[in-house]
Amino acid sequence: MSYETIIATREEGVGIVTLNRPKILNALNLKLVDELVAELEKLDKDPDIRAILLTGNDKAFAAGADINEMAEDSAIAIMKRDQFAVWDRISLISKPIIGAVSGFALGGGCELMMNCDIVIASETAVIGQPEVKLGVMPGAGGTQRLVRAVGLRKAMEMLLTGEPISAQEALRYGLVNRVVPVEAYLQEALKLAKQIAAQPPLAVQMIKRAAHKADDLPLQEGMEYERNGFYLLLASEDRKEGMQAFLEKRKPRFTGN
């Protein structure tokens, strides 16, 4: 498939999606989000792909929504367009998404980053939700995911002032997993994605689903969901292979069955 706003490549079981509007810091217009979601769903259905890497460039992961596209629209036009509905489909991707983030991750860029399961950030990353400075508020999950990620107090500070935080502060608050030099963040994220891609796919996807349920379910219901997933995986061929390989002291060959 040919895209105008993203680049899609593959490497050793990893689908790599690169946001590609560098002249305007990967500002998220409707076309980019549509193309991004289409590729993510395509990768999710591909049995040869076991993990997804999402990145931008050294200057910007994504600097926010494309304001030129929204500035003159009426509230009714934007509501009718329901432009955030497509974002909901990102949360339905079953395979793990690893974000490689450098430079600006602001507004929609921060919201997109928070849709990733793991985030490797460069030392130059600048992360925030500045929508309040434009007289609006986040609309693609910023208020909800940020509170879950960093806690209410820090989220309120970021949301109400619109001021961004550094990569190191994001690390302290658990918003990113690692901070590495800018020349290393992409390779570090790809290395991690390949490591996950080498794991049994069914178990990886079941773990992702169960972990995300922890945000939505009371503890006992979450425990029950986890236990059912455990029982289900006992019926997989990968479980047999993994345990047999362990007993035979050899490397397992997982097939996703």
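Residue numbers here run from 1 along each chain, matching the order of that chain's written sequence. Totals for whole chains, interfaces and linings use all residues, but because this is a predicted model, local features are given only for residues with pLDDT of at least 70 and pairs of side-chain atoms are given and counted only at 80 or more. Side-chain metrics rest on all non-hydrogen atoms present in the structure, leaving aside hydrogens and water.

## Quick word on the overall build of the protein chain
Each helix and strand in the protein chain was counted, giving 12 helices and 10 strands. The C-alpha radius of gyration computed for the protein chain amounts to 19 Å, which stays within 12% of the reference 18 Å derived for 257 residues, consistent with globular compactness. With the C-alpha coordinates aligned to their principal axes, the bounding extent of the protein chain is approximately 65 × 40 × 40 Å. A simple rule labels every residue: compare its accessible area, found with a 1.4 Å probe on the protein chains alone, to the largest value its type can have, and call it buried under 20%, exposed over 50%, or partly exposed in between. When burial is assessed residue by residue, the protein chain has 44% of its 257 residues classed as buried. Put simply, DSSP H or I for four residues or longer makes a helix, DSSP E for two residues or longer makes a strand, and each gets a number counted from the N terminus. Within these notes, the globule rule equals 2.2 Å times the number of residues to the 0.38 power, and the radius of gyration is based on C-alpha atoms.

## Brief notes about the nonpolar core
We call a set of buried residues a nonpolar core when its members are Ala, Val, Leu, Ile, Met, Phe, Trp, Tyr or Cys and they connect through side-chain atoms within 4.5 Å of each other. Counting residues in hydrophobic clusters, the biggest one holds 44 residues, and the most contacted among them are L19, L54, L112, M113, I127 and L175. For this core, the element with the highest residue contribution is helix α1 (residues 30-45), accounting for six residues.

## Looking at the packing of helix α6 (residues 142-150) against helix α7 (residues 152-161)
A fitted line through C-alpha atoms represents every axis, and for helices the fit uses only the stretch in contact; the resulting angles, taken between N-to-C directions, go from 0 to 180 degrees. Two numbers describe how α6 lies on α7: the axes approach to 7 Å, and their chain directions differ by 140 degrees. Here α6 is positioned oblique relative to α7, judged by the angle of their axes. Remark: the crossing between α6 and α7 carries right-handed chirality. On the side of α6, the interface is formed by G142, T143, L146, V147 and V150, while α7 contributes L152, K154, A155, M158 and L159. When the residues that make up the contact of α6 with α7 are grouped by side-chain class, the tally is seven nonpolar, two polar and one charged. With respect to orientation, any angle under 35 degrees is reported as roughly parallel, any angle over 145 as roughly antiparallel, any angle of 65 to 115 as roughly perpendicular, and every other angle as oblique. In a left-handed crossing the near helix is turned counterclockwise from the far helix by less than a right angle, and in a right-handed crossing that turn is clockwise. Throughout, a residue-residue contact means that at least one pair of heavy atoms, one from each residue, lies within 4.5 Å. Put simply, Ala, Val, Leu, Ile, Met, Phe, Trp, Tyr, Cys and Pro go in the nonpolar bin, Asp, Glu, Lys and Arg in the charged bin, and everything else, Gly too, in the polar bin.

## A word on the packing of aromatic side chains
For Phe, Tyr and Trp, rings pair up if their centres lie within 6.5 Å, where Trp contributes its six-membered ring, and each pair is then called stacked (planes under 30 degrees apart), edge-to-face (over 60) or tilted (otherwise). Applying the stated criterion across every chain, the model contains one aromatic pair. With centroids separated by 5.8 Å and ring planes inclined at 65 degrees, the aromatic side chains of F230 and Y231 adopt a geometry described as edge-to-face. On the accessibility criterion, F230 (52% relative accessible area) is exposed.

## Topic: the sheet that holds strand β9 (residues 165-166)
Read across the sheet, four strands follow the order β4-β6-β8-β9 without closing on themselves; strand pairing throughout is mixed. Either end of the sheet is taken by a strand with one partner, and the two such strands are β4 (60-62) and β9. One bridge is not enough; two strands pair if DSSP finds at least two bridges between them.

## Let's talk about the sheet that holds strand β10 (residues 178-180)
Adjacent strands of a sheet form backbone hydrogen bonds with each other and so pair up, either parallel or antiparallel. If you trace the six strands from one edge of the open sheet to the other, you get β1-β2-β3-β5-β7-β10, paired in mixed fashion. Because the sheet does not close on itself, it has two edges, and the strands there are β1 (6-11) and β10. Strand after strand, the sheet turns through a mean of 20 degrees between neighbouring axes, direction not considered. Examined bridge by bridge, strand β3 (residues 51-55) and strand β5 (residues 97-101) share four bridges and lie parallel to one another. The partner of L53 across the bridge, within β5, is I98. Its contacts with the sheet place helix α9 (residues 185-197) against β1, β2 (14-19), β3, β5, β7 (118-122) and β10, and it is angled at close to 170 degrees to β5.

## Structural notes on a nonpolar patch on the surface
Nonpolar side chains (Val, Leu, Ile, Met, Phe, Trp, Tyr) are joined into patches within 5 Å and like charges within 9 Å, using only residues with over 30% relative accessible area and no salt bridge. Here the open area of atoms and residues is found with the Shrake-Rupley method and a 1.4 Å probe, where only the protein chains shown may cover a residue. A pairing counts as a salt bridge when a side-chain nitrogen of Lys or Arg comes within 4 Å of a carboxyl oxygen of Asp or Glu. Taken together, I67, L134 and V136 make up a surface patch of nonpolar side chains, about 280 Å² in accessible area. Looking at the secondary structure, you find L134 in the loop between β8 (126-128) and α6.

## Focus on the pairing of β2
Counting buried positions over the six residues of β2 gives six, a clear majority of the element. Residues V14, I16 and T18 point to one face of β2 and G15, V17 and L19 to the other, with burial holding for every one of them. Pairing geometry for β1 and β2, over six bridges, is antiparallel. If you follow A8 over to β2, its bridge partner there is V17. Between the antiparallel neighbours β1 and β2 lie two residues, among them E12 with a positive phi of about 50 degrees. In terms of strand pairing, β2 meets β3 through five bridges, oriented parallel. Of the residues in β3, the one forming a bridge with V17 is L54. Between β2 and its parallel partner β3, the chain crosses via α1, and the hand of that crossover is right-handed. The crossover handedness rule: strands pointing away from the viewer, path from first strand over the helix to second strand clockwise, crossover right-handed.

Structural measurements only, silent on function.
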